Amino acid sequence: MRIPSDPLHREMFYRDLIEKCMVSLQERKGDYSSLRAWYLFGAGPEESPSIFNKIYPHIDQLTSFLYSAETTRFSINTGAAVPATEQIKVPRLTLALNDEWLNSNADQVFSTALTWSLVFNTTYIKLVANKGIHPYMVEPGCMGVLREDIPYTDRQEAICQTYYITKSELYNRLYSHPKRDDIVRKITTSFHSRTEDIPEGVDRIVMSQTNPTLYGTVNLDLYGMNRYKATVAEDTVKMYELWVWNDETNDYQVVTMADPDIIIYDRPGGTVFLRGELPFVQICPNPQFDYYWGQSEVQRLIFLQQLRNKRITEILDLLSKQVNPPTALIGFTGILDEKNFALNRAGGLLSTDMPNAKADRLAPEMPSSLFEVIHEIDEMFAEASGISSVLSGRGEQGVRSAGHASQLARLGSSRAKKRALIVEDSLEKVATLYLKLMQAYDNTHFEDEEGNPFIAEQFTKDYVVKVDAHSNSPIFTEDLRQLAFNLFKAQAIDKESLIDLLEPPMKQLLKDKLKKRELMQAQQQAQKPPQETKKPSGKPDLKALG
């Protein structure tokens, strides 16, 4: 993209790009607010929470199949043209990468981002290099892209993030800016609330119906409940961070702008992050070829939750009529409410002089399969996301042995494995950026397998970080264990490699003890005197002679 060199045209160009990137933001915010409510409470934003929210545990279970923060580990795959001398640096860099991943809390940040990507449709992991690597989750309600009809972030010419910052924090971050006082004086602050999450169409309907004034009753809960929405009393500044691909420099141009249209920074992306790389990694478990944001997992479960809520309400209504059934007073005169009160009161007395008068209890019949519909709806939940009964830990009819159950679980997990591999791509992208940032900003000295010191920058740039043996998903764990033991039985790997594949607790301690044990056995074997071979006695073998 060609960026104008004239300052005035350049500013108008940036402002136009931001508006184009954020064209669908308000509409998407309304959708995200609704999806958030259905995920947390099993009902819409304006409805009372459901008695049992099936969506929340369902998404929680699905996330556990797609990603496991505890078992995920990475390996570095070098390119075909990389010399063999670089391979001796790989084990130490792999260990450093896994340590940095855990120390920066990236495993938990990625887990949270994956959960909310299933709720919304997309989330982002943003990496910030500042005295270390700091990962942040960014919700899609803060992001915008230039072309929503094109998937994948690296194919976008421009991407924009909005965020809010206090005036004092902005003043502190601009400590080295030559125009800090002038910028802070021009910006405007305002109270930031989430009322803008209301969809634009709903807002128009509400505002248009309040004139003339409406009269009536309002279903208002004075006590309310916690909706898990943050409240900030401090005034904040609305900020924009625009990343535009610059054809002249073959790098991204990063523009930081404060409300109202005050450009604070306009600099190449290589000075902020990495040359030619975006700090945003999209997580989209359900991609769509013609819609950048993908599909929401919660969206396809909303109608099932509505049906479940309706059936639960009907069942409770039926049970309440069974406990306190309707009454038919035949032949009674006078105030019937008092007579009904007497019938429903302990020790109540009802009498009449009318002949043939009677009181009938109209209790409804209780169907034998009252909860069968609920069970069928729960099965639909599992079918919608590809989670079979065997994967959920429940028994299956016709299973005859543990091997049979394992085979069913392996075949039934194909849909979950498909999405686990999609999530794995995002995970590998984040880990690759981690190693690139370590090469650019980390001067820690390592030793290769031959004892030579080196830093990450001295390693080749022709590599990619992969998730080792699909360890991000517990679905692949049992297959990996069987493969590891089969390789060990076939003597294709040694004991130390077996420990690396199984990833047991206290892995490094077990490897150190194994080395010491093997060293002691080698020393004992070397100290043993050579065994003397028995000399033949010279006597003839009578049996051999016949």
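Quick summary incoming for the structure in this document. (Residues numbered from 1 in each chain as written. Predicted model: local features only at pLDDT ≥ 70, side-chain atom pairs only at ≥ 80, totals over all residues. Heavy atoms only, no water.)

### Remarks on the packing of helix 3 (residues 55-66) against helix 5 (residues 106-119)
Thought 1: Remark: helix 3 packs on helix 5, axes separated minimally by 10 Å, with the N-to-C direction vectors making an angle of 130°. The orientation of helix 3 relative to helix 5 falls into the category oblique. You can see that helix 3 and helix 5 cross each other, and the crossing is right-handed. Counting all contacts with helix 3, which are made through Ile59, Leu62, Thr63 and Leu66, the residues of helix 5 involved are Ser111, Leu114, Thr115 and Leu118.
Thought 2: A per-class count over the contact of helix 3 with helix 5 returns 5 nonpolar, 3 polar and no charged. (Axes fitted to C-alpha atoms, helices over the stretch in contact; angles between N-to-C directions. Helix = DSSP H or I, 4+ residues; strand = E, 2+ residues; numbered from the N terminus. Parallel < 35°, antiparallel > 145°, perpendicular 65-115°, else oblique. Left-handed = near helix turned anticlockwise from the far one by under 90°. Contact = heavy atoms within 4.5 Å. Nonpolar A, V, L, I, M, F, W, Y, C, P; charged D, E, K, R; others polar.)

### Brief notes about the sheet that holds strand 2 (residues 123-129)
Thought 1: If you trace the 3 strands from one edge of the open sheet to the other, you get 3-2-9, paired in antiparallel fashion. On the outer flanks of this sheet lie strand 3 (133-138) and strand 9 (280-283), each paired with one strand and no other. Going from strand to strand, the sheet's axes swing by 25° on average, the running direction of each strand aside.
Thought 2: Relative to strand 9, strand 2 is paired through 4 bridges, and the arrangement is antiparallel. Across the sheet, residue Thr123 finds its bridge partner in strand 9, namely Ile283.
Thought 3: Strands in contact with helix 13 (residues 414-441) are strand 2, strand 3 and strand 9; relative to strand 2, the strand with the most contacts, it is inclined by about 10°. (Pairing = 2+ DSSP bridges.)

### As for the pattern of salt bridges
Thought 1: A full pass over the atoms with the stated rule returns 26 salt bridges.
Thought 2: Measuring nitrogen to oxygen at the nearest pair gives 3.9 Å for the salt bridge that ties Lys358 to Asp360.
Thought 3: Between Glu428 and Lys466 there is a salt bridge, with its nearest N and O atoms 3.2 Å apart. Of this pair, Glu428 sits in helix 13 while Lys466 sits in strand 14 (residues 463-467), and the two are 38 residues apart along the sequence.
Thought 4: Connected through shared salt-bridge partners, Arg15, Glu19 and Asp261 make up one network. (Salt bridge = Lys/Arg side-chain N within 4 Å of Asp/Glu carboxyl O.)

### Focus on the environment of Ala484
Thought 1: Looking at the element boundaries, Ala484 is found in helix 14 (residues 477-489).
Thought 2: We classify Ala484 as buried; its relative accessible area is 1%.
Thought 3: For the pair Ala484 and Ser497, spaced 13 residues apart in sequence, the C-alpha to C-alpha distance is 8.7 Å. (Buried < 20%, exposed > 50% of the residue type's maximum accessible area, 1.4 Å probe, protein only.)

### Observations regarding the side chain of Thr162
Thought 1: Relative to the helices and strands, Thr162 resides in strand 5 (residues 158-166).
Thought 2: For Thr162, a relative accessible area of 6% gives the class buried.
Thought 3: Once you skip the residues sitting within four places of it in the chain, Thr162 turns out to touch Met22, Cys142, Met239 and Tyr240.

### Some thoughts on the sheet that holds strand 8 (residues 262-268)
Thought 1: Here we have 5 strands laid out as an open sheet, ordered 4-5-6-7-8, and antiparallel in their pairing. The open sheet has two edge strands, strand 4 (143-145) and strand 8, and neither has a second partner. Pairwise comparison of adjacent strand axes, ignoring direction, gives a mean angle of 20° for this sheet.
Thought 2: Here 6 bridges tie strand 7 (residues 251-258) to strand 8, and the two strands are oriented antiparallel to one another. What sits directly across from Val255, in strand 8, is Asp266.

### Some words on the packing of helix 9 (residues 302-323) against helix 11 (residues 372-385)
How two helices sit against one another is set out by the angle between their axes and by the gap between those axes.
Thought 1: Contact pair helix 9 / helix 11: the axes reach a minimum separation of 10 Å and the direction vectors enclose 165°. On the basis of their axis angle, the class for helix 9 and helix 11 is roughly antiparallel. Of the two elements, helix 9 crosses helix 11, and the hand of that crossing is left-handed. Contact with helix 9, carried on its side by Leu304, Gln305, Leu307, Arg308, Arg311, Ile312 and Ile315, involves Val373, Ile374, Ile377, Asp378, Met380 and Phe381 of helix 11 and no other residues of that element.
Thought 2: Its residues assigned to classes, the contact of helix 9 with helix 11 comprises 9 nonpolar, 1 polar and 3 charged.

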